[in-house]
Amino acid sequence: MRLLTHNMLSSNIKGVTNGFPLRIEVEKVVEKQVDFNPNFLKNMFSKIDYKALLEASRIMGYAELPDHADPSSLESDDFLRRFHHALLQLHLEEGSLVCPETGRKFPVNKGIPNMLLHEDEV
Amino acid sequence: MMPYRIAQIRLVSSHPEVYEPCDDSFALVDALLADRTNLLEHRPRICLEIGCGSGYVIASLALLLGGEDSGSYFIATDINPHAVSVTSETLNAHGVHAELVNTDIASGLEGRLMGLVDVMVVNPPYVPTPDEEVGCDGITSAWAGGENGRSVIDKILPVADKLLSDKGWLYMVTLTANDPCDICLDMKKKGYAARIVLQRSTEEESLHIIKFWRDPNSQLEANDAKLLTKTDHGAGFGSFLSQLSQMSFWRSGNSTNN
């Protein structure tokens, strides 16, 4: 699971009002090479919750994203490369996503998050 | 380097609890191929498949669009944990990537992915079955569609409406028994125009791949269309086609080339 995908996931448990972002618990991170596509990054920037991405990337062991970013940051090639790495090249291979409100853990195995709910959570 | 235009059956992984590519999967991919020029011009940013099964369709869509190099991001979900694993293997075998989520329809994605999906593909469980079989574990979830095969389809449509972007397209497999006319009218009320991209009759079933897109005029006309349905109720799918040809949303659909 990439951090872009993490940025698109929220806790789906019934009654939870503040299910984003899911806190990451890391067991294994892998880095995978992805072609650098500045246009894609510029397109996605406005859809990304930057604060959630920043925290997630740090938990995943990548500390190179600046504390703050705004659309003008996209003019910097250096920023785009860091953004690219955090968003697309870091994968949570094994670990958990934790609901910020209930503490319920959604397991991530072989890079695939399991968001299936138990009967009493639907 | 992607040598294939669509997924190759010999490279599609399998598992006893995962639905293998079948006539419906082939029809959906053929519909995407038939609409390939439009899809390439569409330049979708986020593509989502709901119910990816073996991964044949999402791998084909990724190959057809030129993978992530084209600037598209692919996400696929399935309620069956074996299916997302098999899809992962199928994608790897074809050298393409999609992010996978083991979930019911798009649960967990609906909040943040709202209005961001430019292309959605769905081969839903459409087979009419007793309602108890819907949502069962394993391979049953791939086909059990409840009454008229509509139980899961009717849950997917509002989710699609929520997730599709302003320029979003939905391609969905339906069976005559699902009452495609009624599905189109339901979507029309939500503001979508529709077109049958591909129609195919097999020995067992008659399949239609329907493409939906937002059209501001559709909602306004929904009431007229509803009247047409009532007068023709029970006349079957032949009347569906004749109704569509009468309805202006159908004509405007053709003229916009969607």
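Just so it is clear, the model here is predicted, and its values are computed rather than measured.

Asker: Is there a simple way to think about the interface of chain A and chain B in this case?
Answerer: The figure often quoted for interface size is the accessible area lost as the parts come together. Contact residues are listed per partner, giving 26 residues for chain A and 25 residues for chain B. Here chain A meets chain B over a buried area of about 2,100 Å², counting both sides, of which 58% is carbon and sulfur. Per-residue buried area on chain A facing chain B is highest for Met8, Ile112 and Leu116 of chain A; these three make up 28% of the total on that side. At the surface where chain A touches chain B, the tally comes to two salt bridges. The salt bridge involving Glu99 of chain B is made with Arg2 of chain A; its shortest N-O contact spans 3.9 Å. Our count for the contact surface shared by chain A and chain B stands at 11 residue pairs in polar contact (both at pLDDT 80 or more). Elements supplying a minimum of two residues to the side of chain A that touches chain B: α1 (3–7), α2 (38–45) and β4 (112–113) of chain A. By residue class, the composition of the side of chain A that touches chain B is 14 nonpolar, eight polar and four charged.

Asker: Quick question: what am I supposed to make of the confidence of the model for chain B here?
Answerer: It should be kept in mind that the predicted coordinates are not to be read in detail where pLDDT is low. Residues and elements named next belong to chain B. When pLDDT is averaged across chain B, the result is 87; 84% of the residues are at 70 or more. Scored below 50 in pLDDT, residues 230–236 makes two contacts in the model with residues more than four places away or belonging to other chains. The low-confidence segment residues 245–256, where pLDDT is below 50, has 23 contacts with residues more than four positions distant or belonging to other chains.

Asker: Just to check I follow, could you spell out the pattern of salt bridges for this structure?
Answerer: Any two side chains of opposite charge can pair if their charged atoms end up close together. Applying the stated criterion to the full structure yields 17 salt bridges over all chains. Of the charged contacts, one joins Asp67 of chain A and Arg58 of chain A as a salt bridge, the two residues approaching to 2.6 Å between their closest N and O atoms. The exposure class of Asp67 of chain A is partly exposed, given its relative accessible area of 47%. Here Arg58 of chain A falls in the partly exposed class, since its relative accessible area comes to 39%. Notably, a salt bridge pairs Asp182 of chain B with Arg150 of chain B, separated by 3.0 Å at the nearest N-O pair. Of the two residues, Asp182 of chain B sits in helix α6 (residues 180–189) while Arg150 of chain B sits in the loop between β4 (117–122) and α5 (151–163), which places them 32 residues apart along the sequence.

Asker: In this structure, what is going on with the nonpolar core? I would like to understand it.
Answerer: All names here are of chain B. In terms of nonpolar packing, the biggest core is built from 109 residues, with Met120 and Leu170 touching the most fellow members. The element best represented in this core is helix α3 (residues 56–65), accounting for nine residues. The residues touching Leu170, leaving out its near neighbours within four places in the chain, are Met120, Val122, Leu157, Ala160, Leu164, Met187, Ile210, Lys211 and Phe212.

Asker: When you look at the packing of aromatic side chains in this model, what are you seeing that I'm missing?
Answerer: Aromatic ring pairs are reported here in terms of the distance separating the ring centres and the angle at which the planes meet. This model, assessed by the stated rule, comprises seven aromatic pairs over all chains. Between Phe40 of chain A and Tyr73 of chain B the ring centres are 6.1 Å apart and the planes differ by 25 degrees, which places this aromatic pair in the stacked class. Within this pair, whereas Phe40 of chain A is found in helix α2, its partner Tyr73 of chain B is found in strand β2 (residues 73–78), the two belonging to separate chains. Comparing Phe40 of chain A with Tyr73 of chain B, the two get one shared label, buried. Through pairs of rings, three or more aromatic residues link up here, namely Phe45, Tyr50, Phe79 and Phe83 of chain A. One cation-aromatic arrangement involves Lys211 of chain B over Trp169 of chain B; the distance from NZ or CZ to the ring centre is 3.5 Å.

Criteria and thresholds
Within each chain, residue numbers correspond to sequence positions counted from 1 in written order. Both sets of labels track the order of writing: A upward for chains, 1 upward for ligands. Where totals are concerned, whole chains, interfaces and linings use all residues; where local detail is concerned, this predicted model gives features only for residues with pLDDT of at least 70, and gives and counts side-chain atom pairs only at 80 or more. Excluding hydrogens and water, the side-chain values take into account all heavy atoms of the structure. Whether two residues touch is decided by their heavy atoms; if any such pair falls within 4.5 Å, the residues are in contact. Here the quantity called buried area is the total loss of accessible area, with a 1.4 Å probe, experienced by two parts when brought into contact, counted for both. The term salt bridge refers to a pairing of a side-chain nitrogen on Lys or Arg with a carboxyl oxygen on Asp or Glu at a separation within 4 Å. Two N or O atoms count as a polar contact when they lie within 3.5 Å, although within protein this holds only if one can serve as hydrogen donor and the other as acceptor, and sequence-adjacent residues are included solely when both atoms are side-chain atoms. Helix and strand labels come from DSSP, where a helix needs a run of H or I of at least four residues and a strand needs a run of E of at least two; each type is numbered from the N terminus. The classification used treats Ala, Val, Leu, Ile, Met, Phe, Trp, Tyr, Cys and Pro as nonpolar, Asp, Glu, Lys and Arg as charged, and all other residues, Gly among them, as polar. pLDDT expresses how confident the predictor is about each individual residue, on a scale running from 0 to 100. Relative accessible area decides the class of each residue, using a 1.4 Å probe on protein chains only: under 20% of the type maximum gives buried, over 50% gives exposed, and in between gives partly exposed. Nonpolar core, defined: a set of buried Ala, Val, Leu, Ile, Met, Phe, Trp, Tyr and Cys residues in which side-chain atoms within 4.5 Å join the residues together. In this scheme Phe, Tyr and Trp rings, the latter by its six-membered ring, pair at centre separations within 6.5 Å, and the angle between planes marks the pair as stacked below 30 degrees, edge-to-face above 60, and tilted otherwise. Only when the NZ of Lys or the CZ of Arg is both within 6 Å of the ring centre and within 35 degrees of the ring normal is a charge said to sit over the ring.

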